[in-house]
Amino acid sequence: MSDDKSIKDLVEQVVISLVDDPESVTAEEVEEGNTLIINVRVNPDDIGKIIGRQGRVIKSLRTIARAASSYSGGKHIEVEILD
């Protein structure tokens, strides 16, 4: 589980670097079978920065998380943004 925790921390640190209000960023992980869902909460004003134009930023963030998971046991990773 320590590898999953590091993936959550990785996602959280990337999101913190993108937003204007880094203190409002929280990330929690939920396991459902072989899937690890990382729920990220940000200030509603910062959601657009996380999604990006045509969803490019969130797609890239999901790609980074999935690539990191391939090195840590191959668990399927989902990243969700909550407001």
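Keep in mind that what you see is a predicted model, and the values were worked out from it rather than measured.

Conventions we followed
Residues numbered from 1 in each chain as written. Predicted model: local features only at pLDDT ≥ 70, side-chain atom pairs only at ≥ 80, totals over all residues. Heavy atoms only, no water. Helix = DSSP H or I, 4+ residues; strand = E, 2+ residues; numbered from the N terminus. Rg over C-alpha atoms; globule rule 2.2 N^0.38 Å. pLDDT = per-residue confidence, 0-100. Core = buried A, V, L, I, M, F, W, Y, C linked by side-chain atoms within 4.5 Å. Buried < 20%, exposed > 50% of the residue type's maximum accessible area, 1.4 Å probe, protein only. Salt bridge = Lys/Arg side-chain N within 4 Å of Asp/Glu carboxyl O.

Draft legend 1. Representation of the overall build of the chain within the structure. Scanning the chain for helices and strands turns up three helices and three strands. Counting helices and strands in the order they occur from the N terminus, the chain gives α-β-β-α-α-β. Whereas a compact globule of 83 residues would reach a radius of gyration of roughly 12 Å, the chain reaches 12 Å, a difference of no more than 12%. Taken along its principal axes, the extent of the C-alpha atoms in the chain is 35 × 25 × 20 Å.

Draft legend 2. Region of the structure containing the confidence of the model for the chain. Predicted confidence across the chain gives a mean pLDDT of 90, with 93% of residues reaching 70 or more. Element-level mean pLDDT values for the chain span from 85 in helix H1 (residues 2–18) up to 95 in helix H2 (residues 47–51).

Draft legend 3. Geometry of the nonpolar core. Core analysis: the biggest nonpolar cluster contains 17 residues, and Val-11, Val-15, Ile-38, Val-40, Val-42, Ile-77 and Val-79 have the highest contact counts within it. Those elements giving two or more residues to this core turn out to be H1, strand E2 (35–41), H2, helix H3 (56–70) and strand E3 (76–82).

Draft legend 4. A look at the pattern of salt bridges. For the coordinates displayed, the defined rule picks out four salt bridges. Note that Asp-20 and Lys-49 form a salt bridge whose closest N and O atoms lie 2.2 Å from each other. You can see Asp-20 sitting in the loop between H1 and strand E1 (26–32) and its partner Lys-49 sitting in helix H2, a full 29 residues away along the chain. Here Glu-31 ties to Lys-75 by a salt bridge, and the two come within 2.7 Å at their closest N and O atoms.

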